[in-house]
Amino acid sequence: MNEQHPDRNFPKHFFWGGSTASHQVEGGNYNQWSKWELEQAKELAQTAHQRLHWLPSWDRIKDQAEEPENYVSGKGIEHYKRYPEDFALAQELNLNAFRFGIEWSRIEPEEGKWDEAEIEHYRRYIAELRKRKLEPFLNIWHWTMPVWFTEKGGFGKKENRKYFERFVQKVADELIDDITYIITLNEPNVYSSFGYLTGEWPPQEKSLFKFCKVYWNLTRTHRESYRILKAAKPSLYVGVAAQLGNIQSKRPHNVLDNVSTKWMRYFWNWWFLARIKRYQDFVGINYYFTDYYTGFGKRINPSVPVNDLGWYMEPEGIYPLMLRAWTRFKKPIFITENGLADASDEHRRWWIEETIVAMERAISEGVDLRGYFHWSLLDNFEWKYGWWPEFGLIHVDRKTMKRTIRPSAKWFAATIKKLQS
Ligand code: BGC
């Protein structure tokens, strides 16, 4: 695995991939999130100005952001039926891996009833990836769930874990023959915080107690899922995709800033991973943010450069995270997500270029980094922001569903080729 080019740091078998999630691309889903979208769309459109007018991109996005339709995933980008076309584009970009989600609400639309046609759909999907020499990285849970499960209280209740674990067993029985890499959970910290602490996402609760319960239940359910998957196929590599922030002190010599930074780092980045450290074969890192904190957890970031969502961009901030994750866990690392909302494609090439430099540097320091997945292959449905943020290497026109490769992606494809030759 670690065989390297004589003049470059990337291992020969490095995975270069695109990352997606079922709900954000498939279209036609019915789950707790799609239900929430329909309930919330009008309000999100009405409050868009108040929430988003400060964005540098506001003038460009405002028509879309004030339209309720923006907040409904609906037909998605029709990836559910267009996946062969999308995989062909991934090949055109010289990618050799692909991270995708399977939708629990399709596979078990009613409690205990499996939809064989949907299972077959994902089997064909995986076969198509293999046919096109794209290593499949299967992601089991990316925040969406069947309505029957969330109506029972979802991960807020310990006794509900068994339903998810039964689903994982089904995945183990039906879908992993041709799979080597599997991710159980995507960003449990983000889901628990936004769904149960800040109340921005379904089920919109604001309770520290509930947040702790959900977060804890997700650690336990990951551990059980790990056991189930490894029992079914010991050669699998199983991990989670963790959202890690490069958290820094605003004033490096200020004691309060340092205390709050250390606490935030532990709580946000390492707490979950420490709970599951004996139950993971790799560490998956999703990186978007470098944040500067003053005492008492107040975040004050530089004002530029920012992406279309107003997120401050420091791509090289991924470097200390790779190093720290490696030092803590000594497990192979995959960058399972990394990218930016950049509709005009102004910053994407720079972002990827800096990230490649950071990855090379980490590898040269001995980090066992094995793959990079850009978020995202295609423009997709960005949760509570809807359709206007465009994260794709490939632009998607949602009226015609036409896919167009962005200039940065052409550059990325040529770079991958160079790095592999
Ligand atoms: C999530 C993706 C999301 C991306 C950009 C990640 O936290 O896993 O689903 O689209 O960030 O916000």
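Computed from a predicted structure; not experimentally measured.

Here is what the cut-offs are and how they apply
Residues numbered from 1 in each chain as written. Predicted model: local features only at pLDDT ≥ 70, side-chain atom pairs only at ≥ 80, totals over all residues. Heavy atoms only, no water. Helix = DSSP H or I, 4+ residues; strand = E, 2+ residues; numbered from the N terminus. Rg over C-alpha atoms; globule rule 2.2 N^0.38 Å. Buried < 20%, exposed > 50% of the residue type's maximum accessible area, 1.4 Å probe, protein only. Contact = heavy atoms within 4.5 Å. Core = buried A, V, L, I, M, F, W, Y, C linked by side-chain atoms within 4.5 Å. Near = heavy atom within 4 Å. Polar contact = N/O pair within 3.5 Å; in protein donor to acceptor, adjacent residues only side chain to side chain. Areas by Shrake-Rupley, 256 points an atom, 1.4 Å probe, with all protein chains shown as cover. Nonpolar A, V, L, I, M, F, W, Y, C, P; charged D, E, K, R; others polar. Phe/Tyr/Trp six-rings, centres within 6.5 Å; stacked < 30°, edge-to-face > 60°. Pairing = 2+ DSSP bridges. Axes fitted to C-alpha atoms, helices over the stretch in contact; angles between N-to-C directions. Patch = residues over 30% accessible without salt bridge, like charges linked within 9 Å, V, L, I, M, F, W, Y side chains within 5 Å. Salt bridge = Lys/Arg side-chain N within 4 Å of Asp/Glu carboxyl O. Lys, Arg positive; Asp, Glu negative; His and termini not counted. Charge placed at Lys NZ, Arg CZ, Asp CG, Glu CD.

*Asks:* Sorry, what's going on with the overall build of the protein here?
*Replies:* Helices and strands together make up the secondary structure of the protein, namely 15 helices and 13 strands. Here the protein has a C-alpha radius of gyration of 20 Å; the compact-globule value for 421 residues is 22 Å, and the two agree. Once the C-alpha set of the protein is aligned to its principal axes, its extents read approximately 55 × 50 × 45 Å. Within the protein, the proportion of its 421 residues that are buried is 62%. In the protein, of all internal contacts separated by at least 6 residues, the share reaching a separation of at least 24 is 76%.

*Asks:* For this particular structure, what's the right way to read the nonpolar core?
*Replies:* As a rule of thumb, nonpolar side chains are buried together in soluble globular proteins. With 128 residues, the main nonpolar core has Trp-16, Ile-182, Met-322, Met-359 and Phe-412 as its most contacted residues. Those residues within four positions of Phe-412 in sequence are excluded, and the remaining contacts are Trp-16, Leu-95, Ile-352, Ile-356, Tyr-372 and Leu-393. Residues Phe-137, Phe-282, Phe-334 and Phe-373 belong to the second largest nonpolar core, which totals 9 residues.

*Asks:* Before we go on, may I ask you to explain the site of the ligand in this structure?
*Replies:* Not every one of the 13 residues close to the ligand is listed here, only the nearest: Gln-24, His-142, Glu-187, Glu-337 and Glu-382. In the environment of the ligand, an oxygen atom lies 2.7 Å from a nitrogen or oxygen atom belonging to the side chain of Gln-24. When the ligand sits alone it has 310 Å² of accessible area, and the protein chains cover 95% of it. Residue classes in the shell around the ligand are distributed as 6 nonpolar, 4 polar and 3 charged.

*Asks:* Quick question: what am I supposed to make of the packing of aromatic side chains here?
*Replies:* For any two aromatic rings, the description comes down to two numbers: the centre-to-centre distance and the angle of the planes. Within this structure, the stated rule accounts for 57 aromatic pairs. Measuring from ring centre to ring centre gives 5.2 Å for Trp-104 and Phe-167, while their planes differ by 10°; the resulting arrangement is stacked. Separated by 63 residues along the polypeptide, Trp-104 in helix H6 (residues 104-107) and Phe-167 in helix H9 (residues 161-174) bring together distant segments of the chain. Like Trp-104, the residue Phe-167 is buried in the burial classification. Three or more aromatic residues joined by ring pairs form one cluster here, namely Trp-104, Trp-141, Trp-148, Phe-149, Phe-155, Tyr-163, Phe-164, Phe-167, Tyr-191 and Tyr-196.

*Asks:* When you look at the side chain of Gln-32 in this model, what are you seeing that I'm missing?
*Replies:* Within the element layout of this structure, Gln-32 appears in helix H2 (residues 32-46). Judged by relative accessible area, Gln-32 falls into the buried class, the value being 9%. A polar contact is formed between the side chain of Gln-32 and the backbone nitrogen of Met-145, at a distance of 2.8 Å. Gln-32 has contacts with Trp-143, Thr-144, Met-145, Val-147 and Thr-150, leaving out every residue within four places of it along the chain.

*Asks:* Honestly, the sheet that holds strand E4 (residues 181-186) in this entry has me stumped. Any pointers?
*Replies:* Strand pairing in a sheet relies on backbone hydrogen bonds, with the paired strands running either antiparallel or parallel. One closed barrel holds the 8 strands; their spatial order is E1-E2-E3-E4-E5-E7-E10-E11, and the pairing between them is parallel. Averaged over all pairs of adjacent strands, the angle between strand axes in this sheet comes to 25°, irrespective of strand direction. Sheet analysis places strand E7 (residues 283-287) next to strand E10 (residues 333-338), joined by 5 bridges and oriented parallel. Across the sheet, residue Gly-284 finds its bridge partner in E10, namely Phe-334. Seen against the sheet, helix H14 (residues 348-364) touches strand E1 (15-19), E7, E10 and strand E11 (369-375) and runs at an angle of roughly 165° to E11.

*Asks:* Mind showing me how you'd approach a negative patch on the surface here?
*Replies:* A surface patch of negative charge is lined by Asp-63, Glu-66, Glu-67 and Glu-69. Overall, the relative accessible area of 37% leaves Glu-66 in the partly exposed class.

*Asks:* Honestly, unusual backbone geometry in this entry has me stumped. Any pointers?
*Replies:* Trans peptide bonds make up most of the peptide bonds, and negative phi angles are found at most residues other than glycine. The omega torsion across Val-304 and Pro-305 is -5°, close enough to zero to call that bond cis. Along the chain, Pro-305 turns up in the loop between strand E9 (298-299) and helix H13 (318-329). Between Trp-375 and Ser-376 the backbone carries a cis peptide bond, its omega angle lying at 5°. Mapping Ser-376 onto the fold places it in the loop between E11 and strand E12 (394-397). With a phi close to 55°, Gln-204 is a non-glycine residue in the positive phi region. Position of Gln-204 among the secondary structure elements: in the loop between helix H10 (188-196) and helix H11 (208-232). Look at Gln-204 and you get partly exposed, because its relative accessible area is 36%.

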